[in-house]
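Listed here are the chains, written in short residue letters.
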Amino acid sequence: MNILGLDHLVFGVEDMPGSRQYLLDYGLDEVDFDPAVGGTYTALDGTGITIRHGHDSGLPPLPPGAPSPCIRETVYGVDNAATLAALRDELAKDREVRVDAQGTLHCLDDGGFAIAFRTTQRRPYTARWLGFNVPGQPPGRAPNDCAANPGEVIKPRTLSHIVYFVPDVKKAEAFYARLGFVVTDRFNHLGPFMRPAGTADHHTLFMIERQNDHMVGCNHFTFHLGSANEVLQHGWRFVKKGYKSFWGPGRHILGSNFFWYFNSPFGAVMEVDADMDLHDGAWAPRTID
């Protein structure tokens, strides 16, 4: 099944003004906003995030044991209607599947998280070319194109990945494997990094087995920026705006993506990342402590 990756995330929040300002400072574009309802925010390619009041009765249920604010639905984009039909048939074998007026499928996964599937709303976009000058290789930038620009406008390019705390990681992994997700790497005694068939990104989903009552809901989520420089520059701007750094900056080993994590009003840490590894069917997953 050709699931392309994350299309949209829906969060229930308790601090609506703070959540809105956070997403604007993060660099997402505001599509709509009503303080009584919430708002929608998108990256350059149309992937994005919706915020609603945590008490909104129209939201899917909270993940088991999780308080508000928290992720309320993870929406995946697929290539076409045939894939949607195949997903509906597969999911309906053992769970209730609701189809809304727009044709989006809604259900719960085996970890109790609300998930949805729709024909992708990703769109083509143009953005600054970010190249690197490396001795012994052709130049990555034209002469006089300075990589460090204090006035650079930095925009998230696409929704990258989300991380769940799950009560039974083997059961959760098996559910997503049914839908065509493959394991790219794995932490022993923690959980797998997984990607669906329609993307080469190292992962769009990472699952961590719960170790205590505080490990509930969503651990973190992120959008891709264009480069390590953008992670550093954007992260430093976040610090100067008063947001609290949680971890970083740095670079992961599994996935190789540059990262900087910040506390957020969404019940999860929000990351900025860039330069994630790409994998195909020839990749052999690593397993490490």
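Residues numbered from 1 in each chain as written. Predicted model: local features only at pLDDT ≥ 70, side-chain atom pairs only at ≥ 80, totals over all residues. Heavy atoms only, no water.

**Q** Please provide a residue-by-residue account of the sheet that holds strand S1 (residues 3-13), values included.
**A** The sheet built from eight strands is open, its strands ordered S2-S3-S4-S1-S5-S8-S7-S6 with mixed pairing. Two strands lie at the open edges of the sheet, namely strand S2 (29-34) and strand S6 (98-99), each paired on one side alone. When S6 meets strand S7 (residues 105-108), the two strands line up antiparallel, connected through two bridges. Each bridged residue has a counterpart across the sheet, and for Val-99 the counterpart in S7 is Leu-105. Its contacts with the sheet place helix H1 (residues 16-26) against S1, S2, strand S3 (38-42) and strand S4 (48-53), and it is angled at close to 170° to S4. Contacting S1, strand S5 (70-78), S6, S7 and strand S8 (114-119), helix H2 (residues 81-91) runs over the sheet at an angle of about 150° to S8. (Pairing = 2+ DSSP bridges. Helix = DSSP H or I, 4+ residues; strand = E, 2+ residues; numbered from the N terminus. Contact = heavy atoms within 4.5 Å. Axes fitted to C-alpha atoms, helices over the stretch in contact; angles between N-to-C directions.)

**Q** Pulling in residues and values, what's your account of the pattern of salt bridges?
**A** Throughout the structure, instances matching the rule amount to 16 salt bridges. Measuring nitrogen to oxygen at the nearest pair gives 2.6 Å for the salt bridge that ties Arg-20 to Glu-30. In this pair, Arg-20 sits in helix H1 while Glu-30 sits in strand S2, placing the two residues 10 residues apart along the sequence. By relative accessible area, which is 27% here, Arg-20 ends up partly exposed. We note a salt bridge from Lys-241 to Asp-25, for which the minimum N-O separation is 3.8 Å. With a gap of 216 residues between them, Lys-241 in the loop between helix H4 (228-240) and strand S14 (245-251) and Asp-25 in helix H1 connect regions that are remote in the sequence. Salt bridges sharing partners connect three or more residues here, namely Glu-90, Lys-93, Asp-94, Arg-95, Asp-110 and Arg-178. (Salt bridge = Lys/Arg side-chain N within 4 Å of Asp/Glu carboxyl O. Buried < 20%, exposed > 50% of the residue type's maximum accessible area, 1.4 Å probe, protein only.)

**Q** Explain the pairing of S8 residue by residue, including any values.
**A** Each regular strand shows side chains that alternate between the opposite faces of the sheet. Of all six residues making up S8, five are buried, and the element is well covered by its neighbours. As paired strands, S5 and S8 are joined by five bridges and run parallel to one another. In the strand pairing of S8, Tyr-76 is matched with Phe-117. When S7 meets S8, the two strands line up antiparallel, connected through four bridges. Pairing of Cys-107 across the sheet is with Ile-115, part of S8. Counting the residues that bridge the hairpin from S7 to S8 gives five residues, and of these Gly-112 lies at a positive phi of roughly 90°.

**Q** An account of the side chain of His-234 is requested, with residue identities and associated values reported.
**A** Take His-234: it is sitting in helix H4. A polar atom in the side chain of His-234 sits 2.6 Å from the backbone oxygen of Tyr-26. The residues touching His-234, leaving out its near neighbours within four places in the chain, are Asp-25, Tyr-26, Gly-27, Ile-154, Leu-225 and Val-272. (Polar contact = N/O pair within 3.5 Å; in protein donor to acceptor, adjacent residues only side chain to side chain.)

**Q** Please set out the sheet that holds strand S10 (residues 182-187) residue by residue, giving values where relevant.
**A** Spatially, S14-S15-S16-S13-S9-S12-S11-S10-S17 is the arrangement adopted by the nine strands of the open sheet, whose pairing is mixed. Looking at strand neighbours, the two that pair on one side only are S14 and strand S17 (286-288), the edges of this open sheet. Going from strand to strand, the sheet's axes swing by 20° on average, the running direction of each strand aside. Bridge analysis of S10 against strand S11 (residues 191-195) gives five bridges, and the strand direction is antiparallel. Along S11, the bridge assignment pairs Arg-186 with Pro-192. Strands in contact with H1 are strand S13 (218-224), strand S15 (258-262) and strand S16 (269-274); relative to S16, the strand with the most contacts, it is inclined by about 10°.

**Q** So what about the nonpolar core? Which residues, and what values?
**A** Counting 58 residues, the largest nonpolar core has Phe-117, Tyr-176 and Phe-221 as the members making the most contacts within it. Other than its neighbours up to four places away in sequence, Tyr-176 contacts Tyr-76, Asp-109, Ile-115, Tyr-164, Phe-181, Met-194, Leu-205 and Met-207. (Core = buried A, V, L, I, M, F, W, Y, C linked by side-chain atoms within 4.5 Å.)

**Q** Any details on the environment of Arg-195? Residues and values, ideally.
**A** Here Arg-195 lies in strand S11. Judged by relative accessible area, which is 9%, Arg-195 ranks as buried. Each residue touching Arg-195, except ones within four places of it in the same chain, is listed here: Gly-180, Phe-181, Val-182, Thr-184, Ala-200, Asp-201, His-202, His-203, Thr-204, His-279, Asp-280 and Gly-281. Separated by 3.0 Å, the side chain of Arg-195 and the backbone oxygen of Thr-199 make a polar contact.

**Q** So, the pairing of S4: which residues are in play, and what are the values?
**A** Within S4, five of the six residues are buried, leaving the element largely enclosed by the surrounding structure. Of the pairings in the sheet, the one linking S1 to S4 comprises six bridges and is parallel in character. Looking at S4, one finds that Phe-11 is bridged to Ile-51. Alignment of S3 against S4, held across five bridges, turns out to be antiparallel. Bridge pairing links Gly-38 to Arg-52 in S4. Between S3 and S4, which pair antiparallel one after the other, the connecting turn spans five residues, and Gly-46 there sits at a positive phi close to 95°.

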